[in-house]
Amino acid sequence: MQKEHRKIRCRIVLILLGIGCIVFLLCNILYGSVSISFCDFIHIFTSKETEETYRRILMDIRFPRAVSAFWLGGALALSGYLLQTFFHNPIAGPFVLGISSGSKLTVAITMVFLLGNSIRVSSTALILSAFVGALLSMGFVLLMSPKVNNMSMLVICGVMIGYICSAVTDFIVTFADDADIVNLHNWSRGSFSGMAWDNVIHMSIIISLTCIIVFFLSKPISAFQLGENDAVSMGVNVRMLRIWLILFSGILSACVVAYAGPISFVGIAVPHLVKTMLGTSRPILMIPACFLGGSVFCLACDLVARTVFAPTELSISTVTAVFGAPIVLWIMTKRRREVF
């Protein structure tokens with residue numbers, strides 16, 4: 001009976017998250033400094049006799065931005081879940097462990113070098129450089145892991161690596177041209193603005209393929225959650241699985257940093273919220289739920305960033321920190337109560 005109730009609960013949560021994605025996707029498209037009614041929204045798609053300004057706002061600005069928030073928010077949450085599984089720690093995440101800062105550093109170097117030599121920066125170059133930065137930062141964290149006694153110290157090591165990467169990034173920006181400094185500053189604040197349909201197509205292909213592969217790893221991940229010894233006894237190649245977890249989390253977080261800049265707290269807060277809602281940590285449920293939860297969270301935060309002080313727009317990291325940081329504090333205090 002309890003098992004049946006749990007299944008019903010998981011189905012309801014997944015359905016609600018799916019509905020939430022649709023609702024916030026529509027809200028992001030319709031609301032902003034210029035509001036568009038739902039009737040006008042339907043009219044734009046069904047009739048050619050519509051005002052060109054509304055059509056451009058909808059199809060060239062808001063629609064690709066909202067779809068980008070959907071894909072990148074889901075990717076960031078799923079990346080956080082993979083890292084939390086890898087470290088067996090709910091506080092692990094791309095932003096806390098310095099992975100986002102490492103990606104930011106390599107992307108800044110790429111942008112300064114290419115733009116300084118009048119070379120056009122492609123999305124592929126940014127993704128590859130962000131991926132390299134993510135793997136380098138994660139490599140430093142992994143080198144530190146055998147030398148620290150607990151996961152709290154490992155998280156502190158990740159934070160320190162993030163500070164070092166941020167300091168080096170600021171040093172590089174000092175020697176960049178004024179125009180490049182403006183571009184890097186706007187990008188480093190985190191934003192889904194300026195997205196084009198080409199960007200949406202590229203990110204959707206990369207993220208969807210990665211998510212599908214991760215979903216097919218649900219069984220080995222489930223065994224890994226029980227402990228490395230249990231996973232080995234079940235026939236799981238733990239060493240290879242750990243490589244896959246790092247690789248796929250690096251790809252997802254690198255894709256987010258390359259397109260939208262560093263975004264904080266989503267990778268930590270969302271997986272824990274989703275786990276609480278589902279009442280289970282089974283990867284076959286957590287993987288799609290984390291993706292949908294991250295999409296809902298980022299779509300909602302982007303809506304707040306655009307509308308609360310319109311026409312002034314907040315950076316997405318500011319809003320995600322406002323809503324995500326209290327959740328992280330709650331996680332830490334909850335774990336402390338469980339220890340005592």
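Overview of the structure. Since we're looking at a predicted model, the values are computed, not measured.

### Digging into the environment of Thr307
- Secondary-structure assignment places Thr307 in helix α13 (residues 283-307).
- The exposure class assigned to Thr307 is partly exposed, which follows from its relative accessible area of 30%.
- Separated by 276 residues in sequence, Thr307 and Tyr31 have C-alpha atoms that sit 7.4 Å apart.
- Apart from the residues within four sequence positions on either side, Thr307 is in contact with Tyr31 and Gly32.
- Among the polar contacts made by the side chain of Thr307, one reaches the main-chain carbonyl oxygen of Leu303 at a distance of 2.6 Å.

### Examining the packing of aromatic side chains
- Counted according to the given criterion, the structure contains 6 aromatic pairs.
- Plain terms: the ring middles of Phe70 and Trp71 are 5.5 Å apart, the flat faces sit at 80° to each other, and that makes the pair edge-to-face.
- We classify Trp71 as buried; its relative accessible area is 19%.
- Plain terms: the ring middles of Trp71 and Phe291 are 5.8 Å apart, the flat faces sit at 70° to each other, and that makes the pair edge-to-face.

### Regarding a nonpolar patch on the surface
- A contiguous nonpolar patch, built from Ile8, Ile12, Ile15, Leu16, Ile19 and Val23 and spanning about 530 Å² of accessible area, is present on the exposed surface.
- Position of Ile12 relative to the elements: it lies in helix α1 (residues 2-30).
- Residue classification places Ile12 among the partly exposed positions, given a relative accessible area of 45%.

### Some points on a positive patch on the surface
- A contiguous patch of positive charge on the surface is contributed by Lys3, Lys7, Arg11 and Arg282.
- Note on placement: Arg11 falls in helix α1.

### Here's the deal with the side chain of Arg306
- Locating Arg306 in the fold gives a position in helix α13.
- Despite its burial, Arg306 remains without a salt bridge, the nearest opposite charge being carried by Asp302 at 4.0 Å.
- Here Asn28 takes part through its backbone oxygen, which lies 2.7 Å from a polar atom of the side chain of Arg306.
- Beyond its immediate chain neighbours, meaning those up to four positions away, Arg306 contacts Cys27, Asn28, Tyr31, Gly32, Arg62, Arg65, Thr312 and Glu313.

### Brief notes about helix α8 (residues 197-216)
- For α8, with 20 residues, the first-to-last C-alpha span of 29 Å sits near the 28 Å given by 1.5 Å per residue.
- Those residues of α8 that fall on the buried side of the exposure criterion are Asn199, Val200, Met203, Ser204, Ile207, Thr210, Cys211 and Val214. Down the axis, α8 shows its buried residues gathered within 155° of arc, on one side only. For α8, the exposed residues lying more than 90 degrees away from the buried face are Asp198, Leu209 and Phe216.

### Here we look at the environment of Ala223
- By the secondary structure assignment, Ala223 is in helix α9 (residues 218-225).
- A C-alpha to C-alpha distance of 9.4 Å links Ala223 and Ser233, two positions 10 residues apart in sequence.
- For Ala223, the residues in contact, after removing those within four places along its chain, are Ala231, Met234 and Val236.

### Some points on the nonpolar core
- Counting residues in hydrophobic clusters, the biggest one holds 89 residues, and the most contacted among them are Leu72, Phe87 and Ile207.
- At 18 residues, the largest contribution of residues to this core is made by helix α3 (residues 52-87).
- Counting residues in hydrophobic clusters, the runner-up holds 8 residues, among them Ile91, Val155, Ile268 and Ala269.

### Concerning the packing of helix α12 (residues 266-278) against α13
- At a minimum axis distance of 9 Å, the contact between α12 and α13 shows a crossing angle of 120°. With respect to their mutual orientation, α12 and α13 come out oblique. Of the two possible hands of crossing, α12 and α13 adopt the one that is right-handed. Residue-level inspection shows Val266, Val270, Pro271, Val274, Lys275 and Leu278 of α12 in contact with α13, the latter providing Leu285, Met286, Ala289, Cys290, Gly293, Gly294, Phe297 and Cys298.
- Tallied by class, the residues present in the contact of α12 with α13 amount to 11 nonpolar, 2 polar and 1 charged.

### Looking at the packing of α8 against helix α11 (residues 238-260)
- Where α8 contacts α11, the two axes come as close as 10 Å, and the packing angle between them is 165°. With respect to α11, the axis of α8 lies roughly antiparallel. Taken as a pair, α8 and α11 cross one another with a handedness that is left-handed. Contacts between α8 and α11 involve Asn199, His202, Met203, Ile206, Ile207, Thr210, Ile213 and Val214 on the former and, on the latter, Phe248, Ile251, Leu252, Cys255 and Tyr259.
- Each residue belonging to the contact of α8 with α11 can be placed in one class, and the counts come to 10 nonpolar, 3 polar and no charged.

The rules behind these values
- Residues numbered from 1 in each chain as written.
- Predicted model: local features only at pLDDT ≥ 70, side-chain atom pairs only at ≥ 80, totals over all residues.
- Heavy atoms only, no water.
- Helix = DSSP H or I, 4+ residues; strand = E, 2+ residues; numbered from the N terminus.
- Buried < 20%, exposed > 50% of the residue type's maximum accessible area, 1.4 Å probe, protein only.
- Contact = heavy atoms within 4.5 Å.
- Polar contact = N/O pair within 3.5 Å; in protein donor to acceptor, adjacent residues only side chain to side chain.
- Phe/Tyr/Trp six-rings, centres within 6.5 Å; stacked < 30°, edge-to-face > 60°.
- Patch = residues over 30% accessible without salt bridge, like charges linked within 9 Å, V, L, I, M, F, W, Y side chains within 5 Å.
- Areas by Shrake-Rupley, 256 points an atom, 1.4 Å probe, with all protein chains shown as cover.
- Salt bridge = Lys/Arg side-chain N within 4 Å of Asp/Glu carboxyl O.
- Lys, Arg positive; Asp, Glu negative; His and termini not counted.
- Charge placed at Lys NZ, Arg CZ, Asp CG, Glu CD.
- Expected span 1.5 Å × (residues − 1).
- Arc of directions from axis to C-beta.
- Core = buried A, V, L, I, M, F, W, Y, C linked by side-chain atoms within 4.5 Å.
- Axes fitted to C-alpha atoms, helices over the stretch in contact; angles between N-to-C directions.
- Parallel < 35°, antiparallel > 145°, perpendicular 65-115°, else oblique.
- Left-handed = near helix turned anticlockwise from the far one by under 90°.
- Nonpolar A, V, L, I, M, F, W, Y, C, P; charged D, E, K, R; others polar.

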